[in-house]
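Chain by chain, the residues run as shown.
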Amino acid sequence: MSTPLQGAELAAAITTSVERLKSAFGEHAPDVAVVLGSGWAGAVDQLHEVQNLAYAELPAFPQPKVEGHVAEIAVGRVGQQRVAMLRGRAHTYESGDCTGMAGAIRSLKAWGVKVLVLTNASGSLRSHQPPGSLMLISDHINAPQRSPLTGMSGSDRFCDLSVAYDKELRQQGFKVAQQHNMVLTEGVYVWAVGPHFETPAEIRMFAAWGADAVGMSTVPETILARHAGLRVAGLALITNMAAGMSDEALTHALTLQQAKLSGERAAAFLGQYLASLATLESLKD
Ligand code: HPA
């Protein structure tokens, strides 16, 4: 993804993006949007009556540098719930800039989206969460202590993160897991910028801090979404035991392989979860 826009350029890009979202998918935004992370891509197959728009048409969205990478938004229904799925995200490790998702998230909010579901692939810090596990994010640790709101003005930049991951959306996750007899753990996600994996000493420190899973995304997006006034849910697919917790060397290929193995189950759960959101009173207009 290319270097993110800032300031007036970003504001103009958001205005254009919202106009294009409205003309492609309608004035009325879906209540729910999802960022599909590694392992979760198959969830697009759960959408029916689907329409797509390339990020190339949406100047506030992250623009892919590599041709052939999926970078588009797909809007459709999962059961009764209308959902926008973001296929492709900007990671801080690509540019060093943690604001890469600011334009996309603010465009979704300006269009009228209310809930943002963030999904990712993570390493596990706990033996009760082996590869293949699904973890609902209860809270996060911003280990690098970097904020995508740095440099902003206005008192709303001092945004409250004491309940960053919405309580009702979390409860809904456990309801759905129970209904479908699936094991869903709950835990704290710690952000490491990457793109290198962590050292075993770092993982021991994160575990002592109370982290349960580690990954290279999600945290800046949660901060941006909370600042924008969106409700947030987070789901992690565990692709590996974190550094030093197993004899296996960590490689991107290993995480992708596990993401592929468990992706179908993750996508199925995400579909059931999204469909269930149609029953929430708090999302009824
Ligand atoms: N560390 C950081 N990010 C990750 C990992 C990990 O072990 N697995 C998948 N994403």
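In the block above lies the structure referred to throughout.
Residues numbered from 1 in each chain as written. Predicted model: local features only at pLDDT ≥ 70, side-chain atom pairs only at ≥ 80, totals over all residues. Heavy atoms only, no water.

Caption draft 1: The pairing of strand β4 (residues 81-87), seen in detail. For β4, the buried fraction is high: 6 of the 7 residues fall into the buried class. Bridge count between strand β1 (residues 32-36) and β4: 5 bridges; the pairing is parallel. The residue of β4 that forms the bridge with Leu-36 is Arg-87. Direction of pairing for strand β3 (residues 72-78) relative to β4: antiparallel, over a ladder of 7 bridges. If you follow Ala-74 over to β4, its bridge partner there is Met-85. Linkage of β3 to β4, two consecutive antiparallel strands, is achieved through a turn of 2 residues, within which Gly-79 is found at a positive phi near 60°. (Buried < 20%, exposed > 50% of the residue type's maximum accessible area, 1.4 Å probe, protein only. Helix = DSSP H or I, 4+ residues; strand = E, 2+ residues; numbered from the N terminus. Pairing = 2+ DSSP bridges.)

Caption draft 2: Seen up close, the site of the ligand. Inspection of the region around the ligand gives Ala-121, Ser-122, Gly-123, Phe-197, Glu-198, Val-214, Gly-215, Met-216, Thr-239, Asn-240 and Thr-255 as its neighbouring residues. Within the backbone of Ala-121, a nitrogen or oxygen atom sits 3.3 Å from a nitrogen atom of the ligand. Glu-198 has a polar side-chain atom sitting 2.8 Å from a nitrogen atom of the ligand. Expressed as a share of its isolated accessible area of 260 Å², the protein-covered part of the ligand is 93%. (Near = heavy atom within 4 Å. Polar contact = N/O pair within 3.5 Å; in protein donor to acceptor, adjacent residues only side chain to side chain. Areas by Shrake-Rupley, 256 points an atom, 1.4 Å probe, with all protein chains shown as cover.)

Caption draft 3: Summary view of helix α4 (residues 167-179). Look at α4: 19 Å from first C-alpha to last across 13 residues, which is about the 18 Å you get at 1.5 Å a residue. Among the residues of α4, Leu-169, Arg-170, Gln-172, Gly-173, Val-176 and Ala-177 are the ones counted as buried. With its buried residues spanning 155° around the axis, α4 presents them on a single face. Across α4 from its buried face, at more than 90 degrees, point the exposed residues Lys-167, Gln-178 and Gln-179. Two to three positions downstream of the cap, the backbone nitrogen of Glu-168 sits 3.1 Å from a side-chain oxygen, assigning the N-cap of α4 to Asp-166. Within two residues after α4, Asn-181 carries a phi angle of roughly 55°, on the positive side. (Expected span 1.5 Å × (residues − 1). Arc of directions from axis to C-beta.)

Caption draft 4: The packing of aromatic side chains, seen in detail. A full pass over the atoms with the stated rule returns 4 aromatic pairs. Between Phe-25 and Trp-111, the aromatic rings sit 5.9 Å apart at their centres with planes inclined by 35°, giving tilted as the arrangement. Residue Phe-25 is found in helix α1 (residues 7-25), and its partner Trp-111 is found in helix α3 (residues 102-111); the two are separated by 86 residues along the sequence. A residue is classified by how much of its surface remains accessible, and Trp-111, at 4% relative accessible area, is buried. (Phe/Tyr/Trp six-rings, centres within 6.5 Å; stacked < 30°, edge-to-face > 60°.)

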